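Listed below, chain by chain, are the residues.
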Amino acid sequence: MNGPFVIAVDGPAASGKGTIAARLGQAYGLPVLDTGLLYRAVGVMAQRAGQDASDEDACAAAAAVLRAEDLADPALRTREAGELASRVAVHPRVRAALLSFQQTFASQEQGSVLDGRDIGTVICPDAPAKLFVTATPEVRAERRWKQLQEQGEAVGYDDVLADIRIRDARDGGRDAAPMRPAPDAVLLDTSRMTIGEAADAARRIVEAARARWDRS
Ligand code: DC
């Protein structure tokens, strides 16, 4: 008996994984969880409580009381929140506190889409469809820079590129659930694709996974 049809979409910051996950959710009528928001919320909540992102106890306490409603806060979308998220995400106890929230979401019978860094490796290692979305740091910095401009955040391209490189190193270099493709993930490099092309490519990967899942 198959478990629910879970689509795991992992990859580095601004690779396009969030948009791809949202489009897949629309295409298949599945709920989508942007798991980066969980870490962003923990970072922002800890900061508001006057705690430092390096304080594992304080961050784990914030993670333990996190509610789904907290994820709607627009403050989670800022550049600073992304940086805080990457820093709190290195703590094993923060990751442990967020595990059941994510796995409960993934256990919905209708299926679901989760995007993050460790969905295919740690959160849902049995997901029938796994994508690892990448793009060069320069392309990702350009995308993130444009997004921040649209949000009204005045920041230079070079600073955004530096942020991306720091985040890649931290997210991929940490001991706890480092960002990496699952052995059975399909790699999707979106560097030379429009978002429409990337979403179509993702859909084809998921179609193939769905056909295998239907047969199993
Ligand atoms: O996807 P994002 O940029 O919103 O993620 C923000 C940070 O949260 C990212 O730099 C690392 C962390 N994160 C994580 O460690 N694991 C996840 N599943 C999702 C995000």
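Right above here is the structure, for reference.
Residues numbered from 1 in each chain as written. Predicted model: local features only at pLDDT ≥ 70, side-chain atom pairs only at ≥ 80, totals over all residues. Heavy atoms only, no water.

Caption draft 1: Fine view of the pattern of salt bridges. Under the defined criterion, the tally for this structure stands at 16 salt bridges. Between Arg87 and Asp52 there is a salt bridge, with its nearest N and O atoms 3.4 Å apart. Pair noted here: Arg87 is in helix H4 (residues 79-88) and Asp52 is in the loop between helix H2 (36-48) and helix H3 (56-64), with a separation of 35 residues, a long-range link. Using a relative accessible area of 30% as the deciding quantity, one classes Arg87 as partly exposed. (Salt bridge = Lys/Arg side-chain N within 4 Å of Asp/Glu carboxyl O. Helix = DSSP H or I, 4+ residues; strand = E, 2+ residues; numbered from the N terminus. Buried < 20%, exposed > 50% of the residue type's maximum accessible area, 1.4 Å probe, protein only.)

Caption draft 2: Examining the packing of H3 against helix H5 (residues 92-106) more closely. Running from N to C, H3 and H5 point in directions that differ by 10 degrees, and their axes come no closer than 8 Å. Our classification of the angle between H3 and H5 gives roughly parallel. Facing Glu56, Asp57, Cys59, Ala60, Ala63 and Ala64 of H3, the residues of H5 in contact are Pro92, Arg93, Val94, Ala97 and Leu98. Classifying every residue of the contact of H3 with H5 by side-chain character gives eight nonpolar, no polar and three charged. (Axes fitted to C-alpha atoms, helices over the stretch in contact; angles between N-to-C directions. Parallel < 35°, antiparallel > 145°, perpendicular 65-115°, else oblique. Contact = heavy atoms within 4.5 Å. Nonpolar A, V, L, I, M, F, W, Y, C, P; charged D, E, K, R; others polar.)

Caption draft 3: Region of the structure containing the pairing of strand S1 (residues 6-10). Burial runs high along S1: five of the five residues are buried. In S1, alternate side chains face the same way, and those of Val6, Ala8 and Asp10 on one face and Ile7 and Val9 on the other are all buried. Where S1 meets strand S4 (residues 129-134), four bridges bridge the pair, whose relative direction is parallel. Along S4, the bridge assignment pairs Asp10 with Phe132. (Pairing = 2+ DSSP bridges.)

Caption draft 4: Spotlight on the nonpolar core. Tyr39, Val42, Leu71, Val94, Leu98, Leu114 and Cys124 are the most contacted members of the largest nonpolar core, which totals 32 residues. Mapped by element, the contributors of at least two residues to this core are S1, H2, H3, H4, H5 and helix H6 (119-123). Take this core: its biggest share by element is seven residues, from H2. Of all hydrophobic cores here, the second largest spans 19 residues; its members include Phe5, Ala129, Val133 and Ala209. (Core = buried A, V, L, I, M, F, W, Y, C linked by side-chain atoms within 4.5 Å.)

Caption draft 5: The arrangement of the packing of aromatic side chains in detail. Tallied over the entire structure, the rule returns one aromatic pair. Residue placement shows Arg203 over the ring face of Tyr28; its charged tip is 5.3 Å from the ring centre. Residue placement shows Arg210 over the ring face of Phe5; its charged tip is 4.6 Å from the ring centre. (Phe/Tyr/Trp six-rings, centres within 6.5 Å; stacked < 30°, edge-to-face > 60°. Lys NZ or Arg CZ within 6 Å of the ring centre and 35° of its normal.)

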